[in-house]
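Below are the chains, spelled out letter by letter.
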Amino acid sequence: MRKFAWAARGVAAVSGAVLLGALAVPAAAADGPDAAGTQARPNKCSSEREVSSTVVDYSSSNLFETVFRAATDRQGHAFLNDSRNPGVWINLALLAGAPTCTQGTAVSVTEEDAGHLFITLLGSDGVLHQAICNTSSVAFTSANLAAACSAGFTPLPGTPV
């Protein structure tokens, strides 16, 4: 019986030390860089992965069969992909007024030669933010997106979420 009492005390001591160490870790360690090397947000935003897409379906320009996609990651970052630039996802935080914690995305596009791409992001506060970007025959990149969406994101008034 003495052996079991010693083992129980040993397990309790080790468990207590591990718990104390976990509680004593500085908060800064929890907010360190993520896998991409960027600093984690202090508000610890978390989001489900979300994706939306829209297709430009007209043949009078180079936008024929172009797919625009918007997606979020689990940290609440939102990204845009233009199918004419395969594999490139542009961080939408490049645009002024983008929510810091995105919970949802929606994209739509007008069916005209010099059309508009509408990017709508749902912030964690329930407010919808919309950017209207000018489309052209040139694929969106991180270098030209801000010029195409010059006003950036603006909150939509009266968002019912």
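Criteria and cut-off values
- Residues numbered from 1 in each chain as written.
- Predicted model: local features only at pLDDT ≥ 70, side-chain atom pairs only at ≥ 80, totals over all residues.
- Heavy atoms only, no water.
- Buried < 20%, exposed > 50% of the residue type's maximum accessible area, 1.4 Å probe, protein only.
- Helix = DSSP H or I, 4+ residues; strand = E, 2+ residues; numbered from the N terminus.
- Pairing = 2+ DSSP bridges.
- Polar contact = N/O pair within 3.5 Å; in protein donor to acceptor, adjacent residues only side chain to side chain.
- Salt bridge = Lys/Arg side-chain N within 4 Å of Asp/Glu carboxyl O.
- Axes fitted to C-alpha atoms, helices over the stretch in contact; angles between N-to-C directions.
- Disulfide = S-S within 2.5 Å.

Take the pairing of strand S2 (residues 66-72) next. The element S2 is largely enclosed, with a buried count of six among its seven residues. Pairing of strand S1 (residues 50-56) with S2, which is carried by seven bridges, proceeds in the antiparallel orientation. Residue pairing for S2: threonine 54 is matched across the bridge by phenylalanine 68. If you look at the hairpin formed by S2 and strand S3 (residues 78-82), you'll find five residues sitting between the two strands, and glycine 76 has a positive phi there, around 85°.

By secondary structure assignment, the location of asparagine 81 is in strand S3. A polar atom in the side chain of asparagine 81 sits 2.9 Å from the backbone oxygen of valine 88.

This next bit is on the pattern of salt bridges. Enumeration over the complete set of coordinates arrives at one salt bridge. Between aspartate 82 and arginine 84 there is a salt bridge, with the nearest N and O atoms lying 2.6 Å from each other. We classify aspartate 82 as buried; its relative accessible area is 1%. Using a relative accessible area of 24% as the deciding quantity, one classes arginine 84 as partly exposed.

A few words on the environment of aspartate 57. Tracing the backbone through its elements, the reader meets aspartate 57 in the loop between S1 and S2. Along the sequence, aspartate 57 and glutamate 112 sit 55 residues apart, while their C-alpha atoms lie 9.4 Å from each other.

Moving on, we come to the sheet that holds S3. Within the open sheet, the four strands sit side by side as S1-S2-S3-S4. Their pairing is antiparallel. On the outer flanks of this sheet lie S1 and strand S4 (89-91), each paired with one strand and no other. Taking the axes of each pair of neighbouring strands and ignoring which way they run, one obtains an average angle of 20° across the sheet.

This next bit is on the environment of cysteine 101. You can see cysteine 101 is positioned in the loop between S4 and strand S5 (102-109). Taking the C-alpha atoms as reference points, cysteine 101 and serine 47, separated by 54 residues in sequence, lie 7.7 Å from one another.

Glancing now at the state of the cysteines. The tally for this structure, following the rule as stated, stands at two disulfides. Here cysteine 45 engages in a disulfide with cysteine 101; their sulfurs sit 1.8 Å apart. Residues cysteine 45 and cysteine 101 share a disulfide whose torsion about the S-S bond is about 70°; that sign makes it right-handed. Taken together, the residues span a long stretch of sequence, with cysteine 45 in the loop between helix H2 (27-30) and S1 and cysteine 101 in the loop between S4 and S5 at a distance of 56 residues.

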